[in-house]
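Breakdown of the fold
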Protein chains: 2
Amino acid sequence: MSDLDTRERLIASGAILFAEKGFDGVSVREICAHAKTTMNMIHYFFSSKQGLLSAIMERFSVAIFEVPLRILAKPFRDRDEFEDRLLMFVEETLEALLANRFLLAISYSQGGNLAALAEHQRQFIVFLKQGKRKSFIRNVVDIEMISGLLLDRLVNQVYFSSKIKAFSGFDIVSDMAYRERWIRANLDVFFNGVLSGKKGEMGNDEEGLDS
Amino acid sequence: MSDLDTRERLIASGAILFAEKGFDGVSVREICAHAKTTMNMIHYFFSSKQGLLSAIMERFSVAIFEVPLRILAKPFRDRDEFEDRLLMFVEETLEALLANRFLLAISYSQGGNLAALAEHQRQFIVFLKQGKRKSFIRNVVDIEMISGLLLDRLVNQVYFSSKIKAFSGFDIVSDMAYRERWIRANLDVFFNGVLSGKKGEMGNDEEGLDS
């Protein structure tokens, strides 16, 4: 087994165990047992448990969002493409968060490094502003103020996935039908909330149906 | 000074210090100094630092949301009242979260007791379903799936207030103009996203303005 493998295993094991039990709830011995290595390998690679934590937290970087941000960066030709990008961006952001949920948990519980989320949001603002310039977005939408609406939703759904499962039975991690329904419902509200003109399938365009 | 005062001061000081430095980053000595009491008072009231933490976490209960939930519980006669209740509910939820932001921080970082948030959300679902029965809400809105959209936003804005301030300069805790703008912008998207028929001031009722 190469050094690189061992180092990676320690990072992966540390992320899982810190996320589950908190930094102080896990011993160096436990991490090494989980990573199937000897105690002095943590010392060798990271000096200390704190050093391992720092290495793990560095992994929660903007690189996690490579795929969704690449989707945002492509120019869109028309409104359909704009909406399509938005949908893919949200789906891929959720994938990225789920794939890195242990890192997310550690970043959150350490009151942590949120530069990755801030950068994600910054690029989303640029994208929404492009859409607004093309009038795909209602003129009154205050983009800077609402750019976090979806990201907060996505991040919390992943961070609290086990709590949400306990309270509601819904499991974003493993239940694909729920994931699909959840994305569709939240994007429906977001689309209707920000886009100029309602989406065709809503069929509710009349003002004051019953008032 | 009565016992009750001392106990409350220990809870308040513990909440502030745990929120700032984490449970393991604070000593019993520090908490007692902050609360201006002697060391053995933590032992007397709570047995241990862990006991104090439990007492603090119990405070993050649904009682925190007494005001916003009372607003939701009142029946609404028409659509204006429904929208009005929604606005007040969001404003008062934000107030409640800001007033209890140290408790929120501790609950979050301990992966904590989220029963209070779950109950808040449960009652919000009931309210939204009433609105849907009266057709104030679009028929396709999947209420159970989107009920957390605003709550996630509100909670994160408060929990991450110091990070948000560092990244963007906006401070929800002390900047009343930002608070006002932020609530208005997010509610605008939410209202447009869920309500049947667009709100009058939007002037964007035509389908496909530019497509």
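For the structure, see preceding data.
Below, the structure is looked at part by part. Computed from a prediction, not measured in an experiment: that's the story for all the values here. (Residues numbered from 1 in each chain as written. Chains lettered and ligands numbered in written order. Predicted model: local features only at pLDDT ≥ 70, side-chain atom pairs only at ≥ 80, totals over all residues. Heavy atoms only, no water.)

**Description of the pattern of salt bridges**
Think of it this way: side chains of opposite charge can pair up when their charged atoms draw near. All names here are of chain A. Under the defined criterion, the tally for this structure stands at 26 salt bridges over all chains. Of the charged contacts, one joins Arg79 and Glu83 as a salt bridge, the two residues approaching to 3.0 Å between their closest N and O atoms. One end of the pair, Arg79, and the other, Glu83, are both in helix H6 (residues 79–99), four residues apart, so they sit about a helical turn from each other. As far as the burial class goes, Arg79 and Glu83 line up, both buried. (Salt bridge = Lys/Arg side-chain N within 4 Å of Asp/Glu carboxyl O. Helix = DSSP H or I, 4+ residues; strand = E, 2+ residues; numbered from the N terminus. Buried < 20%, exposed > 50% of the residue type's maximum accessible area, 1.4 Å probe, protein only.)

**Details of the packing of helix H6 (residues 79–99) of chain B against helix H12 (residues 176–194) of chain B**
Residue and element names in this part refer to chain B. Where H6 contacts H12, the two axes come as close as 11 Å, and the packing angle between them is 135 degrees. Accordingly, the angle class assigned to the pair H6 and H12 is oblique. Considering the relative orientation of H6 and H12, their crossing is right-handed. Each of Glu83, Leu86, Leu87, Val90, Glu91, Leu94, Glu95 and Leu98 in H6 lies in contact with H12, whose residues at this interface are Arg179, Trp182, Ile183, Leu187, Phe190 and Phe191. Per-class residue counts for the contact of H6 with H12 are 10 nonpolar, no polar and four charged. (Axes fitted to C-alpha atoms, helices over the stretch in contact; angles between N-to-C directions. Parallel < 35°, antiparallel > 145°, perpendicular 65-115°, else oblique. Left-handed = near helix turned anticlockwise from the far one by under 90°. Contact = heavy atoms within 4.5 Å. Nonpolar A, V, L, I, M, F, W, Y, C, P; charged D, E, K, R; others polar.)

**Remarks on the environment of Phe160 of chain B**
Along the chain, Phe160 of chain B falls in the loop between helix H10 (148–159) and helix H11 (161–168). Spatially, the C-alpha atoms of Phe160 of chain B and Ala105 of chain B are 8.8 Å apart, while their sequence positions differ by 55 residues. Not counting the four nearest positions on each side in its chain, Phe160 of chain B is found in contact with Tyr108 and Leu114 of chain A.

**Here's the deal with the nonpolar core**
Of all hydrophobic cores here, the largest spans 141 residues; its most connected members are Leu10 of chain A together with Leu10 and Phe190 of chain B. If we ignore the near neighbours within four places in the chain, the residues touching Leu10 of chain A are Ile31, Cys32, Ala35, Thr37, Met41, Ile42, Phe45, Phe46 and Leu52 of chain A. (Core = buried A, V, L, I, M, F, W, Y, C linked by side-chain atoms within 4.5 Å.)

Limitation: the analysis is restricted to geometry and does not speak to function.
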